[in-house]
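Notes for the structure review
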Amino acid sequence: MLLGAVRDAAGDVPALLALAREIGRTAPRPGEGSTARLWELLASVASVDVAAGRVLEPHLDALAILTQAGSPLADSSTDRAWGVFAAEGPGLLLEATPDGAGNYLLNGSKPWCSLAAHLDGAVLTAHRADGGRAAFAVDLHAPGVSCETPLWTSRGLREIPSGTVHFDGVSAVPVGGSGWYFQRPGFAWGGMGVAACWFGGSVAVARDFSSALTAAAVNGREPDQIALAHLGETDRLLASVSGYLARTAERIDAGELSGPGAWSEALRVRGTVAAAVERIQAVVAQNLGPGPLAFNEEYGKRMADLSLYLRQHHAMRDDAQLGALTLKGDRSW
């Protein structure tokens, strides 16, 4: 029933946000005993429509962040559509200064704010006068907020443009203290939740591949050894990644990833999932050729959406970060 609703809402941003609000009222939070169910939810939604997963994931992440911070906004937040804006950009700075009444005033600009004009609120990071970065909750309908409409030329995630938002004396509520946003284990858990969405998208691509081979066989074209080898490799990769995600979710709920090692595990998970997804996309595209990319709207959209979404992974730079942690002894081997 849920996945049918996702399919019906695909491409319709207001409908997807309404669905995200509905799901957010009952969806589990990471680290509270049902992390595997949360990741399965994210993967399942992304397997229907990658963009739908891209809408749902930051909404659920924002709700989790407010809960983890013990924010008084957590109880009422499920009625609003949320985003999470933590990216930085050259020449752009968002500053937070105390307003003297316990809150802060935001001034400056924040890049890569997906769907900002459609959202009610956001958890975002800003620079404080003490030099640290901290998280804040902000009402995106407040006076002083202006959202740029970006020139979005990408064929991927076309319904989810990410533009710059400008803040001019906008009141914001602190969420945790200086540095809390990045130091909490939930930062790593959220990063792995994104990887669950990537995984869900790759499952759908694999199903496209299998269905195409079955249809060809029905029409008298049995798959050759190369196609079968690539389908077997795809199956092996999906089985490996799904098992890794399940085990990691169990470790989170068991309290094993609540300390400094959480981020290194997030880098392992994200890198492993990203490599598997890129490989699956490559072998499927090689086998199916240009036809479905040119004439199958659902397949073409999925491949474009997934390719862009996957670029949230920083590839070798993330591996370099993991290598530095490994060299310091943060490893199991």
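Higher on the page you've got the structure.
This write-up is about the structure you can find in this document. (Residues numbered from 1 in each chain as written. Predicted model: local features only at pLDDT ≥ 70, side-chain atom pairs only at ≥ 80, totals over all residues. Heavy atoms only, no water.)

**A closer look at the overall build of the protein**
Looking only at helices and strands, the protein has 11 helices and 7 strands in total. Over its C-alpha atoms the protein spans a radius of gyration of 21 Å, differing by no more than 12% from the 20 Å that the globule rule assigns to 333 residues. Its C-alpha atoms put the protein at 75 × 45 × 40 Å along the principal axes. Going through the 333 residues of the protein one by one, you find that 49% of them count as buried. By sequence separation, contacts in the protein at least 24 residues apart represent 73% of the contacts at least 6 residues apart. Element-wise, carbon and sulfur atoms account for 55% of the exposed surface of the protein, whose accessible area totals about 15400 Å². Both charge centroids of the protein, one from 27 positive and one from 35 negative side chains, sit 4 Å from each other. (Helix = DSSP H or I, 4+ residues; strand = E, 2+ residues; numbered from the N terminus. Rg over C-alpha atoms; globule rule 2.2 N^0.38 Å. Buried < 20%, exposed > 50% of the residue type's maximum accessible area, 1.4 Å probe, protein only. Contact = heavy atoms within 4.5 Å. Areas by Shrake-Rupley, 256 points an atom, 1.4 Å probe, with all protein chains shown as cover. Lys, Arg positive; Asp, Glu negative; His and termini not counted. Charge placed at Lys NZ, Arg CZ, Asp CG, Glu CD.)

**As for the packing of aromatic side chains**
Tallied over the full model, the rule gives 5 aromatic pairs. Note on Tyr-181 and Phe-182: the rings are 4.9 Å apart at their centroids and 85° apart in plane angle, and the pair reads as edge-to-face. Owing to a relative accessible area of 4%, Tyr-181 belongs among the buried residues under this scheme. With a centroid separation of 5.3 Å and 75° between ring planes, the pair formed by Phe-182 and Phe-187 is classed as edge-to-face. Judged by its relative accessible area of 30%, Phe-182 falls in the partly exposed class. In textbook terms, an aromatic cluster arises when at least three aromatic residues are bridged by ring pairs, as seen for Tyr-181, Phe-182, Phe-187 and Trp-263. Here the guanidinium or amino end of Arg-184 rests over the ring plane of Trp-180, the centre of that ring lying 5.3 Å away. Its guanidinium or amino end placed over the ring of Trp-333, Arg-331 lies 4.7 Å from that ring's centre, counting from NZ or CZ. (Phe/Tyr/Trp six-rings, centres within 6.5 Å; stacked < 30°, edge-to-face > 60°. Lys NZ or Arg CZ within 6 Å of the ring centre and 35° of its normal.)

**Observations regarding unusual backbone geometry**
One non-glycine residue with positive phi stands out, namely Trp-112, at about 55°. Positionally, Trp-112 belongs in strand E3 (residues 104–114). One non-glycine residue, Leu-157, adopts positive backbone phi at about 50°. Here Leu-157 is to be found in the loop between strand E6 (145–147) and strand E7 (162–175).

**Describing helix H10 (residues 297–309)**
Compared with the 18 Å implied by 1.5 Å per residue over 13 residues, the 18 Å span of H10 between its first and last C-alpha is a close match. Buried residues of H10: Tyr-299, Gly-300, Arg-302, Met-303, Asp-305, Leu-306 and Tyr-309, and no others. Check the buried side of H10 and you find it contacts helix H3 (35–48), helix H4 (50–68), helix H6 (185–218), helix H8 (261–288) and helix H9 (290–295). For H10, the N-terminal cap is Asn-296; the gap from its side-chain oxygen to the backbone nitrogen of Glu-298 is 3.2 Å. (Expected span 1.5 Å × (residues − 1). Polar contact = N/O pair within 3.5 Å; in protein donor to acceptor, adjacent residues only side chain to side chain.)

**As for the nonpolar core**
Membership of the largest hydrophobic core comes to 99 residues, with the highest contact counts inside it found for Trp-39, Leu-106, Phe-136, Val-138, Phe-167, Trp-198 and Val-273. Per-element accounting of this core gives the leading share, 14 residues, to H6. In this structure, Val-273 is in contact with Ala-195, Trp-198, Phe-199, Val-241 and Leu-245, ignoring residues within four places of it in sequence. (Core = buried A, V, L, I, M, F, W, Y, C linked by side-chain atoms within 4.5 Å.)

**Focus on the pattern of salt bridges**
What the rule picks out here adds up to 16 salt bridges. When the shortest N-O distance is used, the salt bridge between Arg-133 and Glu-88 registers 3.1 Å. Of this pair, Arg-133 sits in strand E5 (residues 133–139) while Glu-88 sits in the loop between strand E1 (82–85) and strand E2 (94–98); the two residues are 45 residues apart in sequence, bridging distant segments of the chain. When its relative accessible area of 35% is taken as the criterion, Glu-88 is described as partly exposed. Put simply, Arg-251 and Glu-265 hold a salt bridge, and the shortest N to O gap is 3.6 Å. Taken together, the residues span a long stretch of sequence, with Arg-251 in helix H7 (residues 225–253) and Glu-265 in helix H8 at a distance of 14 residues. You can call Arg-251 partly exposed: its relative accessible area is 31%. Given the relative accessible area of 7%, Glu-265 is considered buried. Linked through salt bridges whose partners overlap, the residues forming this network are Arg-7, Asp-208, Glu-298 and Arg-302. (Salt bridge = Lys/Arg side-chain N within 4 Å of Asp/Glu carboxyl O.)

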